[in-house]
Amino acid sequence: MGRPARLACPRCGEPGDLAAPPAVCARCGTVMEIEIDLGFARPGLAERIRRRPRGLWRWHEFLPVDASRGITLGEGDTPLLNAPRLARELGLERLRVKNDTVLPTGSLKDRSVTVALTHARTLGAGAVGVASSGNHAASVAAYAAAAGVPAVVMVPAATSPAKVLQARAHGATLLAVRASFDATFALFKEALKAFGWYSCLSTNPWRNEGKKSYAFETWEDLRGETPDWILHPVGGGLGVTACWKGWRELVELGWASRVPRMVAAQPTAADPITRAFEAGADDVAPIAAADTVAQAIAVGAPSLGWRCLDAVRRSSGAAASATDAELLEAQALLARTAGIYCEPSAAASVAVARRLRRDGRIKATDLVVCVVTGHGLKQPGPVEPAPMHTVEPTLAAVEAALSKGDPT
Ligand SMILES: Cc1ncc(COP(=O)(O)O)c(C=O)c1O
Ligand SMILES: [Zn+2]
């Protein structure tokens, strides 16, 4: 277990209580952060970690929970792919795709939820809960099932039916709220106070530590080389924030020489972080999210907005947005040229990489990592499909269909 040295507000420095239930900063409302005491790192540790059984828990020294009680479904160590055909389409010589669609419940959320449920069980929580745009609900439901802890999940009523079914299949009590994600999130926070569930929200600093694993896995797979850019689809802002924190820990240990430039990739329909970045603002002002194919990241009031903006700026990165058309184009490119079927939100990293490459901010020779965060079957649909032929069970019918190429 990593030794949590301190809980503190990253914005105003207000100290927190490691023994108290997760709460935001009492002074400024920012999500608190855990500092891990990195004094555990002895020479040879990186090599020992490399030899451990695959998975996120190889890095348990960096996590603030007891790994011997870990609730795991085999998450972590997702592939870092070369994707040469996609790279050519984007005009990049050194593209890598971090394919998080293959995590146990099909999305990035498993990285944080494995730590959340471990923490919840250690505390003896009676029930866990979360408000979610769908993926987080499915992940909490699955890990809660494995832990034997009841789960209550709230999602907007318009959430993809596949994600709703997934959460229900794992036995979670699901509340479909007739409201946007931001309103669902606000309602959930009231419900938390009323019912006292263990919170798996991104305002929970223990849970958030799990997502640092992006940094460790990428660093290891690149054999210590630091990417020039890491692009991540952004809703609440945790993926970018936590990946950046992980790289800072690697630098602090002397294992990495620098931190990559972090890019927050948002849909134009819900891009408060891009707006703040472009305006040079100190903080992220909430906006009303418009309708978008990027359901999973349609967040107008990101809970880690300030910290994500901070990570982007301090790493000399960027925040940029992609239209729905660009997201669908990137989704199709991933499917057709890299063999990765992802949901539209998850393609935001690739859509924004294309944009930044076109406007010259990313150079052709830069080492670029695009994180792809959720499986296409989570929100099946609008990739323009190749033709389908419905045929009689005869070779003649097969031949006729192939020669005509007429989709039915
Ligand atoms: C597929 C997908 N990608 C990205 C994100 C955004 O993650 P974050 O909230 O850490 O910004 C989410 C969050 O729901 C998601 O479901
Ligand atoms: Zn504060």
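Just so you know, these numbers come straight off a predicted model, no measurement behind them. (Residues numbered from 1 in each chain as written. Chains lettered and ligands numbered in written order. Predicted model: local features only at pLDDT ≥ 70, side-chain atom pairs only at ≥ 80, totals over all residues. Heavy atoms only, no water.)

## Quick look at the nonpolar core
Inference 1: Formed by 85 residues in total, the largest nonpolar core has its most connected members in Phe62, Leu117, Val128 and Trp255.
Inference 2: The element that contributes the greatest number of residues to this core is helix 4 (residues 135-147), accounting for seven residues.
Inference 3: Not counting residues up to four positions away in its chain, the partners in contact with Leu117 are Ile71, Val128, Tyr143, Ala144, Ala147 and Cys200.
Inference 4: Counting 35 residues, the second-largest nonpolar core is a separate cluster that includes Trp229, Ala346, Val350 and Ala353. (Core = buried A, V, L, I, M, F, W, Y, C linked by side-chain atoms within 4.5 Å. Buried < 20%, exposed > 50% of the residue type's maximum accessible area, 1.4 Å probe, protein only. Helix = DSSP H or I, 4+ residues; strand = E, 2+ residues; numbered from the N terminus. Contact = heavy atoms within 4.5 Å.)

## Points about the site of ligand 1
Inference 1: Taken together, 17 residues lie near ligand 1, and Asn135, Gly235, Gly237, Gly239 and Thr373 sit nearest.
Inference 2: The contact in question runs from an oxygen atom of ligand 1 to an N or O atom on the side chain of Ser133, over 3.5 Å.
Inference 3: Here an oxygen atom of ligand 1 and a backbone polar atom of Ala296 are 3.3 Å apart.
Inference 4: In isolation ligand 1 exposes 390 Å². Once the protein is present, 95% of that is buried. (Near = heavy atom within 4 Å. Polar contact = N/O pair within 3.5 Å; in protein donor to acceptor, adjacent residues only side chain to side chain. Areas by Shrake-Rupley, 256 points an atom, 1.4 Å probe, with all protein chains shown as cover.)

## Observations concerning empty space enclosed by the protein
Inference 1: Within this structure, the stated rule accounts for two cavities of 30 Å³ or more.
Inference 2: When its volume is computed, the largest cavity comes out at roughly 410 Å³.
Inference 3: Together, 33 residues line the largest cavity, and Lys109, Ser133, Gly235, Gly236 and Ala296 are the ones closest to its centre.
Inference 4: At the level of elements, strand 5 (128-131), helix 4, helix 6 (181-195), strand 9 (229-233) and helix 9 (238-252) are the ones that each hand at least two residues to the lining of the largest cavity.
Inference 5: Along the lines of polarity and charge, the residues of the lining of the largest cavity split into 15 nonpolar, 14 polar and four charged.
Inference 6: As for the second largest cavity, its lining consists of 15 residues, and the residues nearest its centre are Glu33, Asn208, Glu209, Thr241 and Lys245.
Inference 7: Of all the secondary-structure elements, those providing two or more residues to the lining of the second largest cavity are strand 2 (33-37), helix 7 (205-208) and helix 9.
Inference 8: Per element, the largest residue contribution to the lining of the second largest cavity is six residues, and it comes from helix 9.
Inference 9: Residue composition of the lining of the second largest cavity, grouped by class: seven nonpolar, two polar and six charged. (1 Å grid on protein atoms, 1.4 Å probe; cavity = no way out; pocket = protein on both sides within 12 Å on 5 of 7 lines; lining within 4 Å. Points joined across faces, edges and corners; volume = space filled by probe spheres on them. Nonpolar A, V, L, I, M, F, W, Y, C, P; charged D, E, K, R; others polar.)

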